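Chain by chain, the residues run as shown.
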Amino acid sequence: EDQVTQSPEALRLQEGESSSLNCSYTVSGLRGLFWYRQDPGKGPEFLFTLYSAGEEKEKERLKATLTKKESFLHITAPKPEDSATYLCAVLGPNDYKLSFGAGTTVTVRA
Amino acid sequence: SAVISQKPSRDICQRGTSLTIQCQVDSQVTMMFWYRQQPGQSLTLIATANQGSEATYESGFVIDKFPISRPNLTFSTLTVSNMSPEDSSIYLCSVWGHNEQFFGPGTRLTVL
């Protein structure tokens, strides 16, 4: 069974203080690793898909990287509007079901 | 990208009653997915709904408790039956787009 573990559970940052979120995964035959952002009371919003080790993707202050065992979401010079829960999910080889981690809740203070 | 709407956006219900949640997508899709997100938790897949066939339920979820309809390629409903306070959650509908899974805004259910 696919397993996804995110750390830390919560992260409190000062505006401008860069940091990284970790997503460790166990899946045989990874077809994709997905990052989502979720604001309170809303559905997850897609950020990135990574397919193979060494791949990197960027969007504004966010950069996602992938190795064979984990993914990192780097937040550079965060702003208060980056406050949200960030979810990681993996897609295995045999179906179209995503397995989600528990998420990291990021709070950025001005 | 796919645009997904859900109704209702939230509801407060009494234990023992049932609630039907609707999910509408702006394009035709083969598979639709229903997730549950309990307070402070991540997303758990309830079932996959294919048009023209019975839904496929994940371990721990049964059709009697969560009956699903899929009458066409743009619409699905999830019913939460005989509700208890433990069913208080956000229920999310989702579909695959080109290479990403899109989610609806969710239905926040509170059971008293």
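Residues numbered from 1 in each chain as written. Chains lettered and ligands numbered in written order. Predicted model: local features only at pLDDT ≥ 70, side-chain atom pairs only at ≥ 80, totals over all residues. Heavy atoms only, no water.

K.L.:
Got a sec to walk through the overall build of chain B? Specific residues and values, please.
P.N.:
Each helix and strand in chain B was counted, giving 0 helices and 11 strands. Reading chain B from its N end, one meets helices and strands in the order β-β-β-β-β-β-β-β-β-β-β. Taken over the C-alpha trace, chain B has a radius of gyration of 13 Å; the compact-globule value for 112 residues is 13 Å, and the two agree within 12%. Based on the C-alpha atoms only, the size of chain B along its principal axes is roughly 40 × 25 × 25 Å. When the 112 residues of chain B are sorted by exposure, 50% land in the buried category. When the accessible surface of chain B is split by element, carbon and sulfur atoms take 48% of a total near 5,400 Å². (Helix = DSSP H or I, 4+ residues; strand = E, 2+ residues; numbered from the N terminus. Rg over C-alpha atoms; globule rule 2.2 N^0.38 Å. Buried < 20%, exposed > 50% of the residue type's maximum accessible area, 1.4 Å probe, protein only. Areas by Shrake-Rupley, 256 points an atom, 1.4 Å probe, with all protein chains shown as cover.)

K.L.:
Explain the environment of Thr26(A) residue by residue, including any values.
P.N.:
All names here are of chain A. The topology assignment puts Thr-26 in strand E3 (residues 19-26). Sequence separation between Thr-26 and Ala-10 is 16 residues, and the spatial gap between their C-alpha atoms is 22 Å. The residues touching Thr-26, leaving out its near neighbours within four places in the chain, are Glu-1, Asp-2 and Gln-3. (Contact = heavy atoms within 4.5 Å.)

Purely geometric stuff here, so don't read any function into it on its own.
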